[in-house]
Amino acid sequence: MVRKLVEGDLDWVVTRLAVRRAGLVPFAPVYWRPAPDAHQVHRRFLESVLGRGGVGFRTDDAVMIAAPDRDSTWTVDDAAVDDGQWAGSGQLLWDAVRCAIGAGQVRFVCPTPEAERRRFAARQGLRLRTSWWQVPVDPAHSAPGDGRPAVDG
C-alpha cells in the first residue's frame, strides 16, 4: 500500500535513505561520506522540501520524494527501493509521484551503482540527460578506444 508522507514518517524516511546511501559511499567517498549530524540535517532538508511543495510517498519498505525546482521541473533524488522491488514498490511510488506532480518534466537521479534503478527509469521512458564522475577515473577501466569508463549501462 502506498501512502503520502507525513511529518511522523520523516525519521523512518531519513533512516531508510541512510541505509541506501551507505551502499553508495564506496563509489564516491568524498561527496557521499555522511557528516556526523547527517540524520538531523537530512531531516531538516526533507522538511523544507515537503514544506515548499514537494511530494513524497512510502510503502512499508520503500520511499520516493519529488522536489520542485525553480524551472517548473521536479527532481526525484531521494528514493530508496530495494533491488528486485522496482517493478512492484518502485512502480507504485513512481505512479503516485507522477499523479501528484502532473505532466511536468522530471529529473530522476540514478547513481551508477544502482543499475536496477536506471533500468526502471528507462522503462518509464526517461532518457539520460547528464552524467558525471566524482573521482578520478582509472584509464585501465576504460572501454577500448574511446577513453570512457566501462560501467554497466
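About the thresholds
Residues numbered from 1 in each chain as written. Predicted model: local features only at pLDDT ≥ 70, side-chain atom pairs only at ≥ 80, totals over all residues. Heavy atoms only, no water. Helix = DSSP H or I, 4+ residues; strand = E, 2+ residues; numbered from the N terminus. Expected span 1.5 Å × (residues − 1). Contact = heavy atoms within 4.5 Å. Buried < 20%, exposed > 50% of the residue type's maximum accessible area, 1.4 Å probe, protein only. Pairing = 2+ DSSP bridges. Right-handed = clockwise from strand over helix to strand, strands pointing away. Arc of directions from axis to C-beta. Core = buried A, V, L, I, M, F, W, Y, C linked by side-chain atoms within 4.5 Å. Axes fitted to C-alpha atoms, helices over the stretch in contact; angles between N-to-C directions. Parallel < 35°, antiparallel > 145°, perpendicular 65-115°, else oblique. Left-handed = near helix turned anticlockwise from the far one by under 90°. Nonpolar A, V, L, I, M, F, W, Y, C, P; charged D, E, K, R; others polar.

**Describing helix α1 (residues 10–22)**
Consideration 1: Taking 1.5 Å of rise per residue, the 13 residues of α1 would be expected to cover 18 Å, and the 18 Å separating its terminal C-alpha atoms lies within 8% of that figure.
Consideration 2: Tucked into the core, α1 has its buried residues touching α2 (38–51), β3 (63–68), β4 (73–80) and α4 (115–123).

**Observations concerning the pairing of β4**
A regular strand places its side chains so that they alternate between the two faces of the sheet.
Consideration 1: Among the eight residues that make up β4, seven are buried, leaving the element largely enclosed by the rest of the structure.
Consideration 2: Joining the antiparallel neighbours β3 and β4 is a turn of four residues, in which S72 adopts a positive phi near 65 degrees.
Consideration 3: Here β4 pairs with strand β5 (residues 105–108) via four bridges, running parallel. By the bridge assignment for β5, W74 is matched with V106.
Consideration 4: The β-α-β motif built from β4, the intervening helix α3 (residues 86–101) and the parallel element β5 has right-handed crossover chirality.

**Quick notes on the side chain of R58**
Consideration 1: When you line up the elements, R58 lands in strand β2 (residues 55–58).
Consideration 2: In this structure R58 comes out as buried when scored by relative accessible area, which is 8%.
Consideration 3: Excluding its chain neighbours within four sequence positions, the residues that come into contact with R58 are M1, V2, R3, L5, D9, W12, V63 and L93.

**As for α3**
Consideration 1: Inspection of α3 places W86, S89, G90, L93, W94, A96, V97 and I101 among the buried residues, and these make up the whole buried set. Along α3, the residues classed as buried sweep out an arc of 160 degrees about the axis, all on the same side. The exposed set on the far side of α3, more than 90 degrees from its buried face, consists of A87 and C99.
Consideration 2: Against β2, β3, β4, β5 and α4 lie the buried residues of α3.
Consideration 3: Directly after α3, the chain includes G102, whose backbone phi takes a positive value near 80 degrees.

**Points about the nonpolar core**
Consideration 1: In terms of nonpolar packing, the biggest core is built from 19 residues, with M64, A66, V76, W94, V97, I101 and F108 touching the most fellow members.
Consideration 2: Elements represented by at least two residues in this core include exactly β2, β3, β4, α3, β5 and α4.
Consideration 3: In terms of residue count, α3 provides more of this core than any other element does, six residues in total.
Consideration 4: F108 has contacts with M64, V76, W86, W94, R117, F120, A121 and L126, leaving out every residue within four places of it along the chain.

**Comments concerning the packing of α3 against α4**
Consideration 1: In contact at an axis separation of 11 Å, α3 and α4 are set at 55 degrees when each is read in the N-to-C sense. What the angle tells us is that α3 and α4 run oblique. In this structure, the crossing between α3 and α4 has a hand that is right-handed. Contacts between α3 and α4 involve W86, G90, Q91 and W94 from the first element and E116, R117, F120 and R123 from the second.
Consideration 2: Considered class by class, the residues forming the contact of α3 with α4 number three nonpolar, two polar and three charged.

**Concerning the sheet that holds β3**
Consideration 1: The strand order β1-β2-β3-β4-β5 describes an open sheet built from five strands, whose pairing is mixed. Single-partner strands in this sheet number two, and they are β1 (3–4) and β5.
Consideration 2: In terms of strand pairing, β2 meets β3 through four bridges, oriented antiparallel. Each bridged residue has a counterpart across the sheet, and for F57 the counterpart in β3 is M64.
Consideration 3: Sitting on the sheet, α3 is in contact with β2, β3, β4 and β5, with an inclination near 25 degrees to β3.

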